[in-house]
Amino acid sequence: MRVIIKKNYDDCSIWVANYVADKINAAKPTAAKPFVIGLPTGSTPVGVYRELVKLCKAGAVSFENVVSFNMDEYVGLPHEHPCSYWHFMHDNFFNHIDIKPENINILDGMAADLSKECADYEQKIKNIGGIDLFLGGIGENGHIAFNEPGTSLSSRTRIKRLTKETREANARFFDGDLEQVPRLALTVGVGTIMDAREILIMASGRHKAEALRQTVEGGVSHMCTASVLQMHQYAAIVCDDDAAGEFSSRIVDYFKDIEYSELDFD
């Protein structure tokens, strides 16, 4: 696992957006062989989406032959709900780029059979040949997607009950009202994420520092699901100085010493 440490959130967003654009361009995707990307929601990726929109409008990258799979969706929120992840993705990203609507995949939290919805999602990822690059964030308790502490590290897409801590962190999107935050969500599993050929996780802010320290310096544990990234051959974390604030100085010095503009995994 590699760690890229940037000065601030904006620098992280620009770096990640350019890295994603370079990966798409290098793949030279076609309709028959698209580039498949996993995408997150929440406040962390907003800057990345903003930069990718700029790159797309400038002609520096095209999403015409990109297929996306979002990480998760709340149960019980229709698409038009302003806090649904379907709405978030279209408002912040999809409505502003040249991606084909049929290439957008988001779990349906209003599906009549939620278990079938999850199983079908897993199968659709498998049928397309897997995910080339999974972009994500990390929660304050070390979760990735909605894989809360205690989640099996081999889990697949499923229904997940959200912890109070996660709901409290997301209440800011619901006018600060915890009771409005759904208690259930559909989420890809840890195993689903780990199947991706490459994983890129972004973290920003001092409130993510302890989770990031456990992810990088701690042992692999189902109590910090992001720590499983240590077991992936091509996983990287891009964080700002604040999020790196709990790392030992030795770790910071090491990763800054080996940093390259293009990731060099070994």
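Residues numbered from 1 in each chain as written. Predicted model: local features only at pLDDT ≥ 70, side-chain atom pairs only at ≥ 80, totals over all residues. Heavy atoms only, no water.

Peer 1: What exactly am I supposed to notice about the overall build of the protein here?
Peer 2: Counting secondary structure elements, the protein contains eight helices and ten strands. Here the C-alpha radius of gyration of the protein, 17 Å, is about what a compact globule of 266 residues would show, namely 18 Å. Reported as C-alpha extents along the three principal axes, the dimensions of the protein are approximately 50 × 40 × 35 Å. Classification of the 266 residues of the protein by burial places 56% in the buried group. Expressed as a percentage of contacts within the protein between residues at least 6 apart in sequence, the contacts between residues at least 24 apart total 80%. Accessible area of the protein: about 11,700 Å², with a carbon and sulfur share of 49%. Computed over 27 positive and 38 negative side-chain charges, the separation of the two mean positions in the protein equals 2 Å. (Helix = DSSP H or I, 4+ residues; strand = E, 2+ residues; numbered from the N terminus. Rg over C-alpha atoms; globule rule 2.2 N^0.38 Å. Buried < 20%, exposed > 50% of the residue type's maximum accessible area, 1.4 Å probe, protein only. Contact = heavy atoms within 4.5 Å. Areas by Shrake-Rupley, 256 points an atom, 1.4 Å probe, with all protein chains shown as cover. Lys, Arg positive; Asp, Glu negative; His and termini not counted. Charge placed at Lys NZ, Arg CZ, Asp CG, Glu CD.)

Peer 1: Which parts of the structure should I look at to understand the packing of helix 2 (residues 46-57) against helix 3 (residues 85-92)?
Peer 2: Viewed as axis vectors pointing N to C, helix 2 and helix 3 meet at an angle of 40°, and their least axial separation amounts to 10 Å. Taken together, the axes of helix 2 and helix 3 lie oblique to each other. Where helix 2 abuts helix 3, its residues Val46, Tyr49 and Val53 lie against Phe88, Met89 and Asn92. Considered class by class, the residues forming the contact of helix 2 with helix 3 number five nonpolar, one polar and no charged. (Axes fitted to C-alpha atoms, helices over the stretch in contact; angles between N-to-C directions. Parallel < 35°, antiparallel > 145°, perpendicular 65-115°, else oblique. Nonpolar A, V, L, I, M, F, W, Y, C, P; charged D, E, K, R; others polar.)

Peer 1: Whenever I open this one, the pattern of salt bridges confuses me. Can you help?
Peer 2: Pairing between side chains of opposite charge can happen when their charged atoms approach one another. Overall, the coordinates contain 13 salt bridges when judged by the stated rule. In this structure, Arg183 and Glu179 form a salt bridge, with 3.4 Å as the shortest nitrogen-oxygen distance. What makes Glu179 exposed here is its relative accessible area of 53%. Three or more residues are tied together by salt bridges with common partners; here these are Asp10, Arg50, Glu51 and Lys54. (Salt bridge = Lys/Arg side-chain N within 4 Å of Asp/Glu carboxyl O.)

Peer 1: Before we go on, may I ask you to explain the sheet that holds strand 7 (residues 158-161) in this structure?
Peer 2: Sheet strands associate in pairs through backbone hydrogen bonding, adopting either a parallel or an antiparallel arrangement. Taking strand neighbours across the sheet as the criterion, the three strands line up as 4-8-7 in an open arrangement whose pairing is antiparallel. Strand pairing shows two members of the sheet lacking a second neighbour, strand 4 (72-74) and strand 7, which therefore form its edges. Averaged over all adjacent pairs, the angle separating strand axes in this sheet is 30°, with direction ignored. Sheet topology note: the strand 4/strand 8 (residues 184-187) ladder contains three bridges and is antiparallel. Bridge pairing in strand 8 links Tyr74 to Ala185. Those strands touched by helix 4 (residues 114-127) are strand 7 and strand 8, and its axis lies near 120° from that of strand 7. (Pairing = 2+ DSSP bridges.)

Peer 1: Would you take a moment to explain the side chain of Asn70 for this structure?
Peer 2: Looking at the secondary structure, you find Asn70 in strand 3 (residues 66-70). In this structure Asn70 comes out as buried when scored by relative accessible area, which is 0%. There is a polar contact of 3.4 Å between the side chain of Asn70 and the backbone oxygen of Leu39. Beyond its immediate chain neighbours, meaning those up to four positions away, Asn70 contacts Leu39, Pro40, Thr41, Met89, Phe94, Asn105, Ile106, Tyr121 and Val188. (Polar contact = N/O pair within 3.5 Å; in protein donor to acceptor, adjacent residues only side chain to side chain.)

Peer 1: When you look at the nonpolar core in this model, what are you seeing that I'm missing?
Peer 2: Here is a general trend for soluble globular proteins: nonpolar side chains tend to be buried in one another's company. Ile199, Cys239 and Phe247 are the most contacted members of the largest nonpolar core, which totals 43 residues. Those elements that provide at least two residues to this core are strand 1 (2-6), strand 3, helix 4, helix 6 (190-194), strand 9 (198-203), helix 7 (209-217), strand 10 (235-240) and helix 8 (249-257). For this core, the element with the highest residue contribution is helix 4, accounting for four residues. Discounting residues that sit within four places of it in the chain, Phe247 has contacts with Val3, Leu212, Arg213, Val216, Glu217, Cys239 and Val252. Counting residues in each nonpolar core, the second largest holds 36 residues, with Val53, Cys56, Val238 and Leu263 among its members. (Core = buried A, V, L, I, M, F, W, Y, C linked by side-chain atoms within 4.5 Å.)

Peer 1: Any chance you could explain the pairing of strand 1 here in plain terms?
Peer 2: Residues in a regular strand project their side chains so that they alternate between the two faces of the sheet. By the criterion of burial, strand 1 is predominantly enclosed, with five of the five residues buried. Because side chains alternate across strand 1, one face comprises the buried residues Arg2, Ile4 and Lys6, and the other comprises Val3 and Ile5, equally buried. Note: strand 1 against strand 10, five bridges, orientation parallel. By the bridge assignment for strand 10, Lys6 is matched with Asp240.

Peer 1: Would you mind going over helix 7 with me for this structure?
Peer 2: Because the α-helix completes a turn every 3.6 residues, residues three or four places apart line up on one side. Among the residues making up helix 7, those that are buried are Ala209, Ala211, Leu212, Thr215 and Val216. For helix 7, the angular spread of the buried residues around the axis is 160°, confining them to a single face. In this structure, the buried side of helix 7 is in contact with strand 1, strand 9, strand 10 and helix 8. (Arc of directions from axis to C-beta.)

Interpretation in functional terms is not warranted from these geometric data alone.
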